[in-house]
Amino acid sequence: MSAAHLEPYREPSSDVYRLAVGRLATGVTIVTSRLGGLDHAMTANALASVSLEPLLALVCVEREARFHDAIVESGVWGVSILPSTARATADWLATRGRPLHGQLDRIPTHRGMTGVALLDESLSTFECESTDTYAGGDHTIVVGRVLSVEISDRPGDALLYYRGRYDSLA
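Not measured: the values here are computed from a predicted model.

(A) How the structure looks around the overall build of the protein. Check the secondary structure of the protein and you find three helices and 12 strands. Taken over the C-alpha atoms alone, the protein extends approximately 55 × 40 × 35 Å along its principal axes. Per-residue burial over the protein gives 38% buried out of 170 residues. Sequence-distant contacts, at least 24 apart, represent 63% of the contacts inside the protein between residues at least 6 apart. Surface accessibility of the protein: about 10,100 Å² in total, with carbon and sulfur atoms responsible for 54%. For the protein, the centre of its 15 positive side-chain charges and the centre of its 21 negative side-chain charges are spaced 5 Å apart.

Right, here's the structure in full:
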């Protein structure tokens, strides 16, 4: 595509930026933590592998979200990479104001080595111990050392987020 087909925005608004970055297809995950005997969870697509030596990952968490304090204070977190069949789970855990108590009751989970809940239906999961946090606008970037990895023996299509909605490659 030539640049002539692109409409330039010299001082983009947050809406324009959201539209532009929405053209990057990302995987959908559930990030979990545990604090004070309660499970905390959120749907996230702002997740990245950082390093292979050492094994590091990062997740970006909105500072106003109640999940923020849980992940920062607990220092451990899990990631469950969702299959395309898990749209309802992604929607539920992205719902603002949902009850904190019992939010994972309808979702089959198991405990990882750190005690965080990991989703049974995942394509893969991993657990991290936070090593650093960085301010990033209205979010905190949480970097963690990968402590454990599980890979499903039932591979399937991943749930993707593209142009403001869930999708899959299938």
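(B) Up close: the sheet that holds strand β1 (residues 26-27). Spatial ordering of the open sheet is given by β1-β11-β12, a layout of three strands whose pairing is antiparallel. Two strands close off the open sheet at either side, each with one partner strand: β1 and β12 (165-167). Bridge count for β1 against strand β11 (residues 160-162) is two bridges, and the pairing is antiparallel. By the bridge assignment, G27 is partnered in β11 with L160.

What counts and what doesn't
Positions within a chain are numbered from 1, following the residues in the order the chain's sequence is written. In keeping with the model being predicted, local features are shown solely for residues with a pLDDT of at least 70 and side-chain atom pairs are shown and tallied solely at 80 or more, while totals for entire chains, interfaces and linings include all residues. Values reported for side chains reflect all heavy atoms of the structure, with hydrogen atoms and water molecules removed beforehand. Numbering goes from the N terminus for both helices and strands, where a helix is a DSSP run of H or I of at least four residues and a strand is a run of E of at least two. Classification of residues uses two cut-offs on accessible area relative to the type maximum, computed with a 1.4 Å probe and protein chains only: under 20% is buried, over 50% is exposed, and between them is partly exposed. Note on definitions: a residue-residue contact is assigned when non-hydrogen atoms from the two residues lie within 4.5 Å. Accessible areas in this description were obtained via Shrake-Rupley with a 1.4 Å probe; residue shielding takes into account the shown protein chains only. A positive count includes Lys and Arg, and a negative count includes Asp and Glu. His and the chain ends are not counted in either. Each charge is placed at NZ for Lys, CZ for Arg, CG for Asp and CD for Glu. When DSSP finds at least two bridges between two strands, those strands are taken to pair.

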